[in-house]
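Inside the fold
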Amino acid sequence: MNQNPDTDLVETFLPSMQDVMRRQAALHELHQTWRLIEASAKMNCPVEARLLLPAVLATRTGLVQLERDLVANMVSEKVRQVMQEASTRAQYALDLLVRNLFERTADVGFLVADLDLCRYLGRLAAGEAPDRDTARRRLMAYRDKYTVYDDILLLAPDGAVLLRADVDDRLERSEDPLVAATLAAPGYVETFRASDLRPGAPRALLYSHTMRDPDSGAILGVLCLSFRFEHELAAIFTAYGGADLRANMLLLDADDRVIGSLDPLWIAPGVRVPVNSDGGVATRLFAGREYLVATSASQGYQGYPGPPGWKTQVMAPLDLAFRGAHPDAAAQLAPRMLRGLLSHAHAFSPALHALMASVLGATQAIRRIVWNGKVAGSGAGNTDDRLGPVLDQITETGERSDAAFSQSIQGLYQTVLASSLQAAGATAQLLVDMLDRSLYERANDCRWWALAGQLRQALAHGDSPQRAEAVAALLGHINGLYTVYSRLFVYDRAGRILAATGSQDVVGSRIAPDTLGAVCGLRSEMDHYAEPFGPSPLYDGQPTFVYHAAIRHPGRDAAVVGGIGIVFDSAVELRNMLDSGVAGRADMQAFLVSPDGQVLCGTDPAWPAGTRLPLDRSLLEAAAQQGAARRIVEHAGHYCVAACARAGGYREFRAVAGREQPVLSVLLQSFGPVRADAELAALAGVEPVRSGHEHGRDVALFQVDGALMALDAGAVIEALPFARVKRTPPAAGARIGMLDVDLDGGQRGFVWVFDLARLVSGRPHAPRADGQVILVRHGATTVGLLVDDVHSVQRFDPAAASPIGLGSDGAALASNLLQANAGTALIQELSAQRIVERVCGAPVAA
């Protein structure tokens, strides 16, 4: 984000941001107050104010520019937040859809090799009369398990409908050209349009593949899977379309026409809409209304690109885009954490950091004007009577300006934090959505494979080497198609493993008794058993998910004769999911954990699987109860945005309470190391000082290395910004440069500048770039003293000062200790004479 965004950006979007316009009006009103102060000073005390007016003018000019920069950055950050949120939602919605459709391409490639279906078509081709009801039950069993399909069809090469799962449809022959296209294709064919295979539907998403004889390779027909596209799209739109309905989410085709719409009454399917392929922030006009548009194209998944040209898009009307209310994350933070977070603004928001520096500079300039005015008035007789009210006005208006700018920066800071929290929350939700969709497929796979005729026959007719080899060959074929598994294995009624993929060391071993008992107790072929996530000997002792389904006797009683187990390659697949969410960002870590914080998988090697993530338990509990939670936390010594989401299920997966292990996702984005108490105290500044006396001696107060110190105001000329100092090569002492100043008689000359912190402590000290230089005079000698900042000019009763001697070595620079704030604060008053004599190396005459 640029610190000075294009003026066109402000002109385009500012009228739609009522909160920013209110802040702009408040800042503009203060600008007029500064003009009145200048006019008042010129009329009431022109002589006394002549030295202050140029500084007031320069400060006012700087505040005007700061106002412009602040408004421009607030506009830019709000636009960036809306666009980032829209882009994230659009990309995540498309990613989920593409991952889902990838599974469909694997399904059709596997089902065409189903021996029972191939034998049915082979007998039909041979003129036999196979059992049609048995074959239909097999199709229906597949559809019942993989509920993403609404129909499964077997077609003859001439388009005749040989068999389908949907018994209500009476189509006898298809004229759809996809049959010929499928027969000519080397693999699957993906079709999206109207088809006579799904009469009454305006369009269908179909996956077709040629079926061949497993022995001869002769063409037997075409298998076609009809995906429940509208249902899936509606579920994704509901999850990622946005709860506040300030924007519409669309699925577009290659011609930018709407395939699906979150709100079809708003933007109807079939219409063509403007897109934003380059990711810019220019508005798009559609149907007489201006929109911010975020368009996302498919990034593909494991080589599958998705349907050609498909993209998701979020369209937010300009009049609604900036009206959403976000929780004030900054207001909920403790002041200590808020200060610590702001200290890292340069890392997570350079523009915010630059504005904070500009506001600090303006505040320092105003404080310096008042400080210099009061220093000048401290020894000018009755001058203070006329200049004092002007300085009071400058002080008051400066405090109002500081408050107004601080509130505006707080609003900008809130926008930055809200954007980070929203993005983290969306990513956490994506992680559990990907997990549930993947485990949904795993639960389906094991139940479907348990119905394979070869497995049922082999276990029903007892163990033999030939049958074990055939089972192993089938498992190897399946595992070759489904690479998300590290191992598939089949076991008999006693739990002994008969065949397995991968290392054969496990063959002959037995599964755990409690697992065997659970599998044998499954009530139907629609049920499965998921082992609790943990170390498994079938996964080299690593923790993983293992899913089981019962293999039943092919006879009428369907008694359990064994089971099939599938070992999810968790170390690889879960890490791939987490990596896709983190997307290579070094400041971000992602985890899948149990509700008590035990890590299932994570991207941070400091917390491997099996360890417990040291995260606030209340965050995990809130996510487990409410579905999602996000906040700012301290984690592992860093300030972090933390987002947590609960895996809520997909379709019927997790519909049965207690069957699946509850899982939470955790996303942590670091903003920087936690600041120590001393650092935070320095950031907070020093407390106000109240001397409580109208008569006495004027003392100029300033900050040095975090401490408050003082000089007699009569020895001080003025304060100037450190930026004006001409640095000199490092010297042995505290001398750091020279300053060109006005001397007596209207002459200009150079004075040496010394680092007061080093003079006081004797230790090396790194000067602050935003420091102030105080010009101090003793006798005919003037020197500059670098301090952190000026504070105020106070009048102290002589009784409030306690003298300090020179010390045993005669080197002390302080001459008094001043009591302030009713004796609760002690301030070292330095001696101008001692300082000048220290830097000159010799006594100096008064």
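Residues numbered from 1 in each chain as written. Predicted model: local features only at pLDDT ≥ 70, side-chain atom pairs only at ≥ 80, totals over all residues. Heavy atoms only, no water.

A closer look at the overall build of the chain
Operational definition: Each helix corresponds to a stretch of at least 4 residues labelled H or I by DSSP, and each strand to a stretch of at least 2 residues labelled E; elements are numbered beginning at the N terminus. The reference for a compact globule is 2.2 Å times residues^0.38; the radius of gyration itself is calculated from the C-alpha atoms. Only protein chains enter the accessibility calculation, which uses a 1.4 Å probe; a residue is then buried when its area is under 20% of its type maximum, exposed when over 50%, and partly exposed in between. Working rule for contacts: check all heavy atoms of both residues, and any pair within 4.5 Å makes them a contact. Residue-level accessible areas treat just the shown protein chains as cover; the underlying method is Shrake-Rupley with a 1.4 Å probe. Here the positive residues are Lys and Arg and the negative ones are Asp and Glu; neither His nor the chain ends is included. Charge coordinates come from a single atom per side chain, which is NZ of Lys, CZ of Arg, CG of Asp or CD of Glu.
Looking only at helices and strands, one finds 19 helices and 34 strands in the chain. Relative to its length of 846 residues, the chain is extended, with a C-alpha radius of gyration of 38 Å against a globular reference of 28 Å. Considered along the principal axes of its C-alpha atoms, the chain spans approximately 125 × 65 × 45 Å. Here the chain, with 846 residues, has 52% of them falling under the buried criterion. The contacts in the chain between residues at least 6 apart in sequence include a share of 62% that link residues at least 24 apart. Carbon and sulfur atoms form 53% of the exposed surface of the chain, whose accessible area is close to 36,600 Å². One way to put it: in the chain the 79 positive side-chain charges average out to a point 0 Å from where the 94 negative ones average out.

Description of the side chain of Asp492
Put simply, the rule reads: Distance and chemistry together define a polar contact, namely a pair of N or O atoms within 3.5 Å, with one atom able to donate a hydrogen and the other to accept it when in protein, and with adjacent residues in sequence counting only for side-chain atoms on both sides.
By the element assignment, Asp492 lies in strand E11 (residues 485-492). You can call Asp492 buried: its relative accessible area is 15%. Within the structure, the side chain of Asp492 is placed 3.0 Å from the backbone nitrogen of Ala494, a separation counted as a polar contact. Non-local contacts of Asp492, meaning those with residues more than four positions away in its chain, are made with Leu459, Leu498, Leu516, Val561 and Gly562.

Looking at helix H2 (residues 18-44)
Along an α-helix, residues three or four positions apart point the same way, because every turn accommodates 3.6 residues. Filter applied, for reference: Here the expected length of a helix is defined as 1.5 Å per residue gap, with one fewer gap than residues.
Look at H2: 39 Å from first C-alpha to last across 27 residues, which is about the 39 Å you get at 1.5 Å a residue. Every buried residue of H2 is accounted for by Val20, Leu27, Leu30, His31, Thr33, Trp34, Ile37, Glu38, Ser40 and Ala41.

Observations concerning unusual backbone geometry
Of note in this structure, Asp256 is not a glycine but carries a positive phi near 65°. Inspection of the secondary structure assignment puts Asp256 in the loop between strand E6 (248-252) and strand E7 (258-261).

Points about the confidence of the model for the chain
Selection rule: Every residue carries a pLDDT, the predictor's confidence in it, which falls somewhere between 0 and 100.
A residue-level look at the chain finds 94% of positions with pLDDT of 70 or above and a mean pLDDT of 88. Contacts from residues 1-5, a stretch scored under 50 in pLDDT, to residues over four places away or in other chains number 15 contacts.

A short note on the packing of helix H12 (residues 453-460) against helix H13 (residues 465-481)
Rules: Under this scheme, a helix contributes an axis fitted over its contacting stretch, all axes are lines through C-alpha atoms, and angles between N-to-C directions fall in the 0 to 180 degree range. Roughly parallel covers angles under 35 degrees, roughly antiparallel covers those over 145, roughly perpendicular covers 65 to 115, and oblique covers all other angles. By convention the crossing between two helices is left-handed if the near helix lies anticlockwise of the far one by an angle smaller than a right angle, and right-handed if it lies clockwise.
As a packed pair, H12 and H13 sit with axes 10 Å apart at the nearest point and diverge in direction by 155°. The angle between H12 and H13 falls in the class roughly antiparallel. Where H12 crosses over H13, the two elements pack in a sense that is left-handed. Together, Gln454, Leu455 and Ala458 of H12 and Arg467, Val471 and Leu474 of H13 make up the contact between the two elements.

Let's talk about the nonpolar core
How we decide: For our purposes a nonpolar core is just a set of buried Ala, Val, Leu, Ile, Met, Phe, Trp, Tyr and Cys residues, chained together by side-chain atoms within 4.5 Å.
If you look at the biggest cluster of nonpolar residues, it comprises 172 residues, and the most contacted ones within it are Ile394, Trp449 and Phe545. If we skip the residues at most four places from it in the chain, Trp449 touches Phe110, Leu455, Ile478, Tyr482, Tyr485, Leu488, Ile564 and Ile566. Of all hydrophobic cores here, the second largest spans 28 residues; its members include Phe702, Phe754, Leu759 and Val793.

Side note on the sheet that holds E7
What counts, and what does not: In this scheme, strands are said to pair when DSSP sees at least two bridges between them.
Taken together, five strands build an open sheet; the order of strands is E7-E6-E10-E9-E8 and the sheet is antiparallel. Each edge of the open sheet is held by one strand with a lone partner, namely E7 and strand E8 (284-286). Recorded for the sheet is a direction-independent mean angle of 40° between the axes of neighbouring strands. When E8 meets strand E9 (residues 289-297), the two strands line up antiparallel, connected through three bridges. Bridging from a neighbouring strand, Leu285 pairs with Glu290 of E9. Running at roughly 40° to E9, helix H3 (residues 53-111) makes contact with E6, E9 and strand E10 (311-317) of the sheet. Of the strands in this sheet, E6 and E7 touch helix H7 (residues 229-240), which is tilted by about 145° from E6.

Quick word on the sheet that holds strand E30 (residues 781-787)
Read across the sheet, six strands follow the order E25-E29-E30-E28-E27-E26 without closing on themselves; strand pairing throughout is mixed. Since the sheet does not close on itself, it has two edges, and those belong to strand E25 (716-721) and strand E26 (726-727), each with one partner. In the packing of helix H10 (residues 350-377) onto the sheet, the strands contacted are E25 and strand E29 (772-778), and the crossing angle to E25 comes to about 170°.

As for the environment of Met356
Position of Met356 among the secondary structure elements: in helix H10. Looking at Met356, the relative accessible area reads 23%, which means it is partly exposed. As a C-alpha pair, Met356 and Ser406 span 50 residues in sequence and 8.3 Å in three-dimensional space. The contact partners of Met356, leaving out residues within four places of it in the chain, are Leu342, Ala345 and Ile409.

What about the packing of aromatic side chains?
Let me state the cut-off plainly: Between rings of Phe, Tyr and Trp, where Trp is taken as its six-membered ring, a pair exists when centres lie within 6.5 Å; planes separated by under 30 degrees are stacked, by over 60 edge-to-face, and by other angles tilted. The criterion for a charge sitting over a ring is simple: Lys NZ or Arg CZ within 6 Å of the ring centre, and within 35 degrees of the ring normal.
The final tally for this structure, using the stated rule, is 18 aromatic pairs. Judged by centre distance (6.1 Å) and plane angle (80°), the rings of Phe13 and Phe322 are edge-to-face. On the criterion of sequence distance, the pair formed by Phe13 in helix H1 (residues 7-13) and Phe322 in the loop between E10 and helix H8 (335-342) is long-range, its members being 309 residues apart. Measuring from ring centre to ring centre gives 5.7 Å for Phe110 and Tyr482, while their planes differ by 80°; the resulting arrangement is edge-to-face. In this pair, Phe110 sits in helix H3 while Tyr482 sits in the loop between H13 and E11, placing the two residues 372 residues apart along the sequence. Over the face of the ring belonging to Trp752 we find Arg735, whose NZ or CZ atom lies 4.1 Å from the ring centre.

Digging into the state of the cysteines
Basically, it comes down to this: Disulfides are defined as cysteine sulfur pairs within 2.5 Å.
What the rule picks out here adds up to zero disulfides. Not part of a disulfide, Cys601 finds its nearest cysteine sulfur in Cys644, a span of 15 Å. What makes Cys601 buried here is its relative accessible area of 10%. Looking at the unpaired Cys644, the closest cysteine sulfur is the one in Cys640, lying at 14 Å.

Considering the packing of H2 against H3
Which entries qualify depends on this criterion: Gly is put with the polar residues, along with every residue not named as nonpolar or charged; the nonpolar set is Ala, Val, Leu, Ile, Met, Phe, Trp, Tyr, Cys and Pro, and the charged set is Asp, Glu, Lys and Arg.
Where H2 meets H3, the axes come as close as 10 Å, and the angle between the chain directions of the two elements is 175°. The orientation of H2 with respect to H3, classified from their angle, is roughly antiparallel. Residues Asp19, Val20, Arg23, Gln24, Leu27, His28, His31, Trp34, Arg35, Glu38, Ala41 and Lys42 of H2 lie in contact with H3, whose contacting residues are Leu53, Val56, Leu57, Arg60, Leu63, Val64, Glu67, Leu70, Val71, Met74, Val75 and Lys78. In the contact of H2 with H3, the residues fall into 13 nonpolar, three polar and eight charged.

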